[in-house]
Amino acid sequence: MKETKIKTKIKKSKGEVIYDIVVYTFVTLFCLFCLAPFLMIIGSSFETEANIQNFGYTIIPKTFSLEAYRMVLNDSQIYKAYGVTIFTTVVGTIASMFLTITMAYPLSLKKVRFRNPIMFFVYFTMLFNGGLVPTYLLISKTLHLSDNIWVLILPIAFNAWNMILMRNFFNSVPVELSESAYIDGANDFQILWKVVLPVAVPGIATISLFYALGYWNQWFNARLYITNNRDLFPLQYLLMDLLNSVDALKEMARNTGVAVGNLPTYTLRMATTVITIGPIVFLYPFAQKYFTSGLTVGAIKG
């Protein structure tokens, strides 16, 4: 007996059609409103410095110029900085997720003793910390990580808030799955690897994106601990150093009266913004399908 599918087309009322038009129009305008600053940054990065000073920022450049990009990319150090940033982002994200998952999963199990005191200890570190001076002395004098690439990874390899989110994701996994695996003879590691992690992919993708953004955008640790080896400068710190150098040069020229030409200050800021955010933007298409569900699945257990 063949099953036939009956397709019924529900006709919307006039009020529903008007409502849809208003909603879609509002969402479209809001998206354009959010996209406009990004387009203005890109357009202004290809504008000349004189036009920026005279006419302000623009989406479509009046005079197409690559002066700012030449100034940034002509420095061979930029490519080394890209390598450092990519290395710290990839390796740091993997290390952070390993630490986060291996701590979050045991704390999500009710059979683990003292899990509540441990969680309180983790939560306490979110409220109070030792401060900058003890942290600096620990990393530079005790651990001797100064001028070492691992100083860009280890100090931020674990985030208490991300661990709590990951624990909530694990709590949202139905306990019946783990109990069935226990009955079949699986141990905790096998359950984590073969049962829990595949179900928690949205949470893993979301937390991984948080960690990746943190590693990609970091510059403060480089300023504190990378002092004698410019080859270890990450991208963000190198570009910030370049901008500060240009600003200092223009200020010195202004005070001394020495002409240094029309240095691309404003366009240089726009070009560095495009260079820094360009690669990390490509992560979003891969994580987008997990991002929404990842943000909500750990919030409600049901």
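Sequence positions are assigned chain by chain, starting from 1 and proceeding in written order. Where local features are concerned, this predicted model is filtered to residues with pLDDT of at least 70; where side-chain atom pairs are given and counted, the filter is 80 or more; whole-chain, interface and lining totals use all residues. Calculated side-chain values reflect all of the structure's heavy atoms, with hydrogen atoms and water omitted.

So, about the overall build of the protein. Numbering of helices and strands starts at the N terminus; helices are DSSP runs of H or I of at least 4 residues and strands are runs of E of at least 2. Regarding its fold elements, the protein presents 14 helices and zero strands. Here the term buried applies to any residue with accessible area under 20% of the maximum for its type, exposed to any over 50%, and partly exposed to those in between, with areas from a 1.4 Å probe on protein chains only. For the protein, buried positions account for 34% of its 302 residues. In the protein, 73% of the contacts between residues at least 6 apart in sequence involve partners at least 24 apart. For the protein, the exposed area adds up to about 19,400 Å²; of that, 67% sits on carbon and sulfur atoms. Should any heavy atoms of two residues lie within 4.5 Å, those residues are considered in contact. Surface accessibility in these figures is a Shrake-Rupley result with a 1.4 Å probe; residues are shielded only by whichever protein chains are displayed.

Residues I101, M166 and F170 are the most contacted members of the largest nonpolar core, which totals 28 residues. Secondary-structure elements contributing two or more residues to this core are α4 (77-107), α5 (115-127), α7 (160-172), α9 (188-199) and α10 (201-217). Among the elements that line this core, the one with the most residues is α7, at six residues. Residues contacting F170, with those up to four places away along its chain left out, are I101, A104, Y105, S108, L192, V196, L197 and A200. Nonpolar core, defined: a set of buried Ala, Val, Leu, Ile, Met, Phe, Trp, Tyr and Cys residues in which side-chain atoms within 4.5 Å join the residues together. Listed in part, the 27 residues of the second largest apolar core include I78, L145, I149 and L238.

In the Ramachandran plot, F114 falls in the positive-phi region, its phi being about 60 degrees despite a non-glycine side chain. The backbone of D147 shows a phi angle near 55 degrees, a positive value even though the residue is not glycine. With respect to the helices and strands, the residue D147 is situated in the loop between α6 (132-142) and α7. By relative accessible area, which is 23% here, D147 ends up partly exposed.

Here an axis means a line fitted to C-alpha atoms, over the contact stretch when the element is a helix, while the angle between two N-to-C directions is reported on a 0 to 180 degree scale. For the pair α9 and α10, the least separation of the axes is 4 Å and the interaxial angle reads 70 degrees. In this view, α9 runs roughly perpendicular relative to α10, as classed from their interaxial angle. Contacts between α9 and α10 pair L197, P198 and V199 from the former with V201, P202 and I204 from the latter. Of the residues contributing to the contact of α9 with α10, the split by class is six nonpolar, no polar and no charged. Each angle is binned into one of four classes, with values under 35 degrees roughly parallel, values over 145 roughly antiparallel, values of 65 to 115 roughly perpendicular, and all other values oblique. Basically, the charged four are Asp, Glu, Lys and Arg, the nonpolar ten are Ala, Val, Leu, Ile, Met, Phe, Trp, Tyr, Cys and Pro, and anything else, Gly included, counts as polar.

So, on to the layout of surface pockets. Using a grid of 1 Å spacing that covers the protein atoms alone, one calls a set of points a cavity when a 1.4 Å probe fits there but cannot get out, and a pocket when the set is open and has protein on both sides within 12 Å along at least five of seven lines; lining residues are those with an atom within 4 Å of a point. Grid points are joined across faces, edges and corners, and a volume is the space filled by probe spheres set on the points. Space inside the largest pocket adds up to approximately 730 Å³. In terms of lining residues, the largest pocket is bounded by 28 residues, among which N129, T135, P155, I156 and F158 are the most central. Those elements giving two or more residues to the lining of the largest pocket turn out to be α5, α6, α7, α10 and α11 (220-225). Of the residues that constitute the lining of the largest pocket, the class distribution is 19 nonpolar, nine polar and no charged.

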